[in-house]
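For reference, the chains in residue letters:
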Amino acid sequence: MATWWRQIAQERPRLTTKLATSLPITDRPRILYDPDLAGFGIRIASPSSRHPNGARTWIVEYRPGSGGRGVSKRRISLGRADVVSADEARRRARDILAEVFANGSDPAETIARARSAKKIDDLRDDYLSATNPFRKQRTRDLYEGLWRLHISPAIGAMKVDQVTKSKITEVHTRLGLRHPATANRVVILLSHFFEWCREGDRVRFERNPARGIKKFKIKPRERYLSPEEFARLGAAITRAETIGIEWKPDPAKKIKHAPKPENRVTKICPFSAAAIRLLAFTGARLREILNLEWSQVDLALGLVRLPDSKTGAKTIILGAPAIEILCSLQVLRSKAKSARFVIEGKNPAKPRPDLQRPWALVRREAGLSDFRLHDLRHSFASVGVASNLGLPIIGGLLGHADPATTARYAHLAVEPLRAANEGITSQIFEMMNG
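Residues numbered from 1 in each chain as written. Predicted model: local features only at pLDDT ≥ 70, side-chain atom pairs only at ≥ 80, totals over all residues. Heavy atoms only, no water.

Q: Could you give an account of helix α10 (residues 270-282), naming the residues involved and the relevant values?
A: In a regular helix each residue adds 1.5 Å, so 13 residues correspond to 18 Å; α10 covers 18 Å between its end C-alpha atoms and thus fits that length. Counting buried positions along α10 gives 10 out of 13 residues, so the element sits mostly inside the fold. Among all positions of α10, only Phe271, Ser272, Ala273, Ala274, Ala275, Ile276, Leu278, Leu279, Ala280 and Thr282 are buried. Where the residues of α10 are buried, they touch α9 (227-241), α11 (286-290), β9 (314-317), α12 (320-333), α13 (356-366) and α14 (375-386). Taken from the residues just after α10, Gly283 is the one with a positive phi, measuring 70°. (Helix = DSSP H or I, 4+ residues; strand = E, 2+ residues; numbered from the N terminus. Expected span 1.5 Å × (residues − 1). Buried < 20%, exposed > 50% of the residue type's maximum accessible area, 1.4 Å probe, protein only. Contact = heavy atoms within 4.5 Å.)

This is how it looks when you write it as structure tokens:
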């Protein structure tokens, strides 16, 4: 067998598909090179259970860069001989060699880097663990949800250096048709992720593919309670807390099993009622009330000192109605001395997760189907602006870190403008009438 191989190696026949399939079995891997195209050849492997006659694979070899014997050879497989013809393999080899000689590039390294490149989801945990310590818990939960629900299903299986701006634009556009705010957050998160990859030299790419994508314009939602709506809300909370609210079937849903007559009145607990009232009386955010601890409440000074909030440490001023509510909750707390949080849930040692069920009941009773809990914060600000308190004071009460955030309520400050208008028009009227 060795003699046969020496003979055919000396003859150096032109490589063809017929020759590749007729070469004898070899006891060790051998390579037969083509006489016409330097570096092009066929590799015959030893027999195996998968390939009893030994696998026959087209190859091309070259020395990258300036070449020379001091540079190690690179080898690229071009396909098996029983799948790829000799002519096709020779064409592929010629293209690779032309690229090497013309540009001094190294196609084998490019292929190896592409194979070893990590996918989006491969770097997800590393990215989140590196950036989460600098984020608040609610932001962490938001970003993990965006990744799980939107990023992973759309591009999680793609390799990081293969994600293009057009692909991210496609994901952004498709998601934005129904959820524009969420779509914008996904792009912001991906932009930060790609920047993290590039700064850490984890992936090489020329340009951040998530940068420069035009965001959807989100119109700030402005919903404020009128005096009449405030009255309806207060009555609904009182009714829900005392006699209860009667169950009514939803006309948009099919009811298979209606509750028993004795169970058709629903009450909310005192803690739920107190939480909704505190949101209205303080203008605080939902989590600031639900996460509020008794150690942060100073009833003597009428203050709540939060060590951390969305904008950092914050002090909430308590009015008389809010102090009265907290005093009543202290009485209830005396029955559970271990209670840590002001608004107790099923577990007094943990903050209540939400107010969805009691708020849905109160909102339906008050006829405020389009009103959110967070709109109580806006309504608090609107009452303050209408009372001529001024935007800086409103911003201080709400805990805004940026005056531009408070400026969204500027259009509500009509009373000073109305007074100025009355002064101007009265003077003009007097002049026009002598």
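Q: If you had to explain the sheet that holds strand β4 (residues 74-80) to someone new, which residues and values would you point to?
A: If you walk across this open sheet you meet the 4 strands as β1-β2-β3-β4, and the pairing is antiparallel. What marks the edges here is a single partner per strand, and that holds for β1 (30-33) and β4. Taken over all neighbouring pairs, the strand axes of this sheet differ in orientation by 30° on average, direction set aside. Two strands pair when backbone bridges link them, and strand β3 (residues 56-62) and β4 are joined in this way by 6 bridges, in the antiparallel orientation. Counterpart to Tyr62 in the pairing with β4 is Arg74. With respect to the sheet, helix α3 (residues 86-103) is in contact with β2 (40-44), β3 and β4, its orientation differing from that of β3 by roughly 20°. (Pairing = 2+ DSSP bridges. Axes fitted to C-alpha atoms, helices over the stretch in contact; angles between N-to-C directions.)

Q: I'd love a proper account of the side chain of Ser191, names of residues and values included.
A: Among the structural elements, Ser191 can be located in helix α8 (residues 180-199). The buried category is assigned to Ser191, whose relative accessible area is 16%.

Q: Outline the confidence of the model for the chain, listing residues and values.
A: Residues at a pLDDT of 70 or more form 81% of the chain, whose mean pLDDT is 82. Of all secondary-structure elements in the chain, the lowest mean pLDDT belongs to helix α16 (residues 403-406), at 62, while helix α7 (residues 165-176) reaches the highest, 94. (pLDDT = per-residue confidence, 0-100.)

Q: Just give me the short version of the environment of Ala181, but keep the residues and values in it.
A: Locating Ala181 in the fold gives a position in helix α8. Judged by its relative accessible area of 28%, Ala181 falls in the partly exposed class. Linking Ala181 and Lys217, residues 36 residues apart in sequence, is a C-alpha distance of 8.5 Å.

Q: Help me get a handle on the sheet that holds strand β8 (residues 303-306), residues and values and all.
A: Pairing is antiparallel in the open sheet, where 3 strands are placed in the order β7-β8-β9. Where the open sheet ends on each side, the last strands, each with one partner, are β7 (297-298) and β9. Note that β8 and β9 share 4 bridges and pair antiparallel. From the neighbouring strand, Leu306 faces β9, where its bridge partner is Lys314.

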